[in-house]
Protein chains: 2
Amino acid sequence: MTRSERLLALLDLLRQSRRPITAEAISERLQISVRTVYRDIRSLQSQGAHIEGEAGIGYQMQPGFWLPPLMFSEQEIEALVLGMRWLKRNTDPELANSASSCMAKVLDALPAEVVDQVHHNTLLVGSRQNTDPQASHELRQAIRTESVIEFDYQDAQGALTTRRVWPFAMGYFSEATVLVAWCETRNANRHFRVDRMQNLIITAERYPTSKRLLAKQWRVEEGIPESWPI
Amino acid sequence: MTRSERLLALLDLLRQSRRPITAEAISERLQISVRTVYRDIRSLQSQGAHIEGEAGIGYQMQPGFWLPPLMFSEQEIEALVLGMRWLKRNTDPELANSASSCMAKVLDALPAEVVDQVHHNTLLVGSRQNTDPQASHELRQAIRTESVIEFDYQDAQGALTTRRVWPFAMGYFSEATVLVAWCETRNANRHFRVDRMQNLIITAERYPTSKRLLAKQWRVEEGIPESWPI
DNA sequence: GTCGCTACTGACAAAAGTTGTCAGTACGTG
DNA sequence: CACGTACTGACAACTTTTGTCAGTAGCGAC
């Protein structure tokens, strides 16, 4: 059994065992030395598995690595499919891809007839003209990492300015995709249509506050009640 | 990316792709040689994954057989939230409700730190004017049950006619919601804007074919390739 | 405090695994 | 037959993995 196979086996082992397992027990079970068990555990942890070890006790895996089976009603499935289709046709390839894999994960646990229903579901969505998918992707990335960005912007009057902003939200409208950001140049929150940006640069610089705070402040300014409903 | 990480990624990839995927496609996606793809596939198979390969076709995995899917990634959560938000603001209350309960179920399975991310997610969607929510809901119900429906319809020229149709699909566009149906009156497939319908009646009568067949035929007529992607 | 149990770390050299390349075979479809 | 694709074997360069050994550290029982 090679290491990579063993890691999968170890995941399975930890997933199934309810009580803590000692490294020594694992080492016997998998026919490897204790030292290697420690290394394997470390490797899984670095891949996102929540495995806790306590001296004198053993190892135990916390939930949150594997997605448990989710059950949905027919209507919920319909909603899910429709939402994912909208993403596929109205955002960017990266989000579309995430939508697909979401759907695949959900479907994994569902009985075959439901999967079949999904593939024959006839709720459809239209698509709008795409804004530059690359930019859209990069901007979302920048929001995630709270990075300062720079770009040239052509406003509604056609005037071109260079901006340096702290992005914290994106709005998907049927006419355009809009970035919401704190503008260093103007010292205020501003909205920017993605299709009017040019020469976008994601700097390595992280902005000196958090997107949460920025968003909260923006909501107050705009009179948007509370954090966003789902 | 180490081999063991790659194997998990490969599982995810196979789970996600509904259609068979060729070894070459995988090799590009994972940035490895084709030979290594064959080795990786073999490795997963020997551990119990149900992966089938056919010459000239590609690989396909039978879902739900081995390890459960990995937890949603940050990007997948983002996609999910955005999709559900679109539903909330652009369809009807029934779908919006389904979206909410979907999200609630998903959140229930998520570790706390991810739940927090969801509540502070800043991808937003615009909303369009609603078509009559009641009608929208009833029409979807009619599609589900394959019921014959009747209504008065005002076409683009303003002429009013009474129709009896077999509904099988709905399209959500930014300008309007459109019902796609086989029209008994015209003996052909027709599209109807929901906002131009009046006096809608869902009859108790079930139409003498299936929505799948109707949809298939419509797709052929319209030159839409294959069943709908997610 | 000491003991027993166990998690965990660093270092190192031998052993094993991994990879891309190349040259082939096999299979089903058109 | 040609084509697309699954699949195999061999090999050498390259990386990773492994066990061993020598330690440190936390916790509960006595």
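Please read all numbers here as calculations on a predicted model, not as lab measurements. (Residues numbered from 1 in each chain as written. Chains lettered and ligands numbered in written order. Predicted model: local features only at pLDDT ≥ 70, side-chain atom pairs only at ≥ 80, totals over all residues.)

Visitor: What is the right way to read the overall build of chain A from this model?
Guide: Across its full length, chain A holds 8 helices and 8 strands. Over its C-alpha trace chain A gives a radius of gyration of 24 Å, far above what one expects of a compact globule, namely 17 Å for 230 residues. Seen through its C-alpha atoms, chain A measures out along the principal axes to roughly 75 × 45 × 35 Å. A total of 230 residues make up chain A; the buried ones form 37% of that total. (Helix = DSSP H or I, 4+ residues; strand = E, 2+ residues; numbered from the N terminus. Rg over C-alpha atoms; globule rule 2.2 N^0.38 Å. Buried ≥ 20, exposed ≤ 12 C-beta atoms within 10 Å, placed from the backbone.)

Visitor: Any chance you could explain unusual backbone geometry here in plain terms?
Guide: Outside of glycine, negative phi angles account for most residues, and trans bonds account for most peptide bonds. Look at E146(A): it is not a glycine, yet its phi comes out positive at around 55 degrees. Locating E146(A) in the fold gives a position in the loop between helix 7 (133-145) and strand 4 (147-154). Since 18 C-beta atoms lie within 10 Å of it, E146(A) is described here as partly exposed. Non-glycine residue N199(B) carries a positive phi angle of around 50 degrees.

Visitor: Please clarify how the packing of helix 4 (residues 74-90) of chain B against helix 6 (residues 112-119) of chain B should be interpreted in this entry.
Guide: Packed helix pairs are characterised by how far apart their axes lie and by the angle those axes make with each other. Residue and element names in this part refer to chain B. Here helix 4 crosses helix 6 at 45 degrees, and the two axes come no closer than 10 Å. Viewed along their axes, helix 4 and helix 6 adopt a mutual orientation that is oblique. In the packing of helix 4 onto helix 6, the handedness of the crossing is right-handed. Packed against helix 4, whose contacting residues are E74, I77 and V81, the element helix 6 presents V114, Q117 and V118 at the interface. Looking at the contact of helix 4 with helix 6 residue by residue, the class counts come to 4 nonpolar, 1 polar and 1 charged. (Axes fitted to C-alpha atoms, helices over the stretch in contact; angles between N-to-C directions. Parallel < 35°, antiparallel > 145°, perpendicular 65-115°, else oblique. Left-handed = near helix turned anticlockwise from the far one by under 90°. Contact = placed C-beta atoms within 7 Å. Nonpolar A, V, L, I, M, F, W, Y, C, P; charged D, E, K, R; others polar.)

Visitor: Which parts of the structure should I look at to understand the interface of chain B and chain A?
Guide: Interface size is often expressed as the accessible area that is lost when the parts come together. Contact with chain B, which involves 64 residues of that partner, is made by 64 residues of chain A. Only helix 1 (3-16), helix 4, helix 5 (93-109), strand 3 (123-125), strand 5 (160-172) and helix 8 (211-222) of chain B provide two or more residues apiece to the side of chain B that touches chain A. Considering each element in turn, the side of chain B that touches chain A owes the most residues, 13 residues, to helix 4 of chain B. Classifying every residue of the side of chain B that touches chain A gives 35 nonpolar, 17 polar and 12 charged. Of the strand pairs in this sheet, strand 5 (residues 160-172) of chain A and strand 3 of chain B are connected by 3 bridges, and their pairing is parallel. Of the residues in strand 3 of chain B, the one forming a bridge with Y172(A) is V125(B). (Pairing = 2+ DSSP bridges.)

Visitor: What's the story with the UniProt feature "domain: WYL" (unreviewed entry) in chain A in this structure? I'm lost.
Guide: In the UniProt entry, the feature "domain: WYL" (unreviewed entry) is given for residues 138-200 of chain A. Regarding residues 138-200 of chain A, the helix share stands at 13% and the strand share at 60%, and the terminal C-alpha atoms are separated by 9 Å. (UniProt positions renumbered as here; feature names shortened; annotations may be inferred.)

Visitor: Mind showing me how you'd approach the protein's contact with DNA strand D here?
Guide: Lining the immediate surroundings of DNA strand D are 23 residues, of which S33(A), R35(A), T36(A), A23(B) and G53(B) lie closest. Those elements giving two or more residues to the surface near DNA strand D turn out to be helix 1 (3-16) and helix 3 (34-46) of chain A together with helix 2 (23-30), helix 3 (34-46), strand 1 (51-54) and strand 2 (58-61) of chain B. Residues that form the surface near DNA strand D fall into these classes: 7 nonpolar, 8 polar and 8 charged. (Near = placed C-beta within 6 Å.)

Visitor: Can you walk me through the protein's contact with DNA strand C in this structure?
Guide: The environment of DNA strand C is made up of 24 residues, and the closest members are A23(A), G53(A), S33(B), R35(B) and T36(B). Of all the elements in the fold, those that place two or more residues in the surface near DNA strand C are helix 1, helix 2 (23-30), helix 3, strand 1 (51-54) and strand 2 (58-61) of chain A together with helix 3 of chain B. Here the element with the most residues in the surface near DNA strand C is helix 3 of chain A; it accounts for 4 residues. When its residues are assigned to classes, the surface near DNA strand C shows 7 nonpolar, 9 polar and 8 charged.

Visitor: Mind showing me how you'd approach the packing of helix 5 (residues 93-108) of chain A against helix 4 of chain B here?
Guide: One can describe the packing of helix 5 of chain A onto helix 4 of chain B by two numbers: an axis separation of 8 Å at closest approach and a directional angle of 90 degrees. Relative to helix 4 of chain B, the element helix 5 of chain A is oriented roughly perpendicular. Here L95(A), S98(A), A99(A), S101(A) and C102(A) of helix 5 of chain A lie close against helix 4 of chain B, whose contacting residues are Q75(B), E76(B), E78(B), A79(B), L80(B), L82(B) and G83(B). Grouping the constituent residues of the contact of helix 5 of chain A with helix 4 of chain B by class yields 6 nonpolar, 4 polar and 2 charged.

Visitor: I'm lost on the domain arrangement of chain A in this one. Help?
Guide: We note that the domain assignment places domain 1 (3-61), domain 2 (74-119) and domain 3 (133-222) within chain A. Computed from C-alpha coordinates alone, the two centres of domain 1 of chain A and domain 2 of chain A are separated by 34 Å. (Domains from an automatic or database assignment.)

Visitor: What exactly am I supposed to notice about the pairing of strand 4 of chain A here?
Guide: The side chains of a regular strand alternate, residue by residue, between the two faces of the sheet. Residue and element names in this part refer to chain A. Relative to strand 8 (residues 197-206), strand 4 runs antiparallel, the two being bridged by 5 bridges. Among the inter-strand pairings, D152 is bridged to a residue of strand 8, identified as Q198. In the sheet, strand 4 pairs with strand 5 via 6 bridges, with the strands oriented antiparallel. Within strand 5, the position partnered with E150 by the bridge is R164. Count of turn residues in the strand 4/strand 5 antiparallel hairpin: 5 residues, of which G158 carries a positive phi of about 95 degrees.

Visitor: Which parts of the structure should I look at to understand the UniProt feature "domain: Helix-turn-helix type" (unreviewed entry) in chain A?
Guide: UniProt tags residues 6-60 of chain A as "domain: Helix-turn-helix type" (unreviewed entry). For the annotated span residues 6-60 of chain A, helix accounts for 58% and strand for 13% of the residues, and the straight-line distance between the end C-alpha atoms is 17 Å.

Visitor: Which parts of the structure should I look at to understand the pairing of strand 2 of chain A?
Guide: All names here are of chain A. Burial along strand 2 is one-sided: the face carrying Y59 and M61 is buried and the face carrying G58 and Q60 is not. As defined by bridge partners, strand 1 adjoins strand 2 across 4 bridges and the pair is classed as antiparallel. Note on strand 2: the bridge partner recorded for E54 is G58. Hairpin connection from strand 1 to strand 2: 3 residues lie between these consecutive antiparallel strands, with G56 at a positive phi of about 85 degrees.

Visitor: Explain helix 3 of chain A here, please?
Guide: Three- or four-residue spacings in an α-helix give side chains the same orientation, since the helix completes a turn every 3.6 residues. All names here are of chain A. With 13 residues, helix 3 should cover 18 Å at 1.5 Å per step; its first-to-last C-alpha distance of 19 Å lies within 8% of that length. Those residues of helix 3 that fall on the buried side of the exposure criterion are V37, D40, I41 and L44. Buried residues of helix 3, seen end-on, are gathered within an arc of 100 degrees and therefore sit on one face of the element. Opposite the buried face of helix 3, at more than 90 degrees from it, the exposed residues are R35, R42 and S46. The inward-facing, buried residues of helix 3 abut helix 1, helix 2, strand 1 and strand 2. Looking one or two residues past helix 3, G48 carries a phi angle of roughly 110 degrees, positive in sign. (Expected span 1.5 Å × (residues − 1). Arc of directions from axis to C-beta.)

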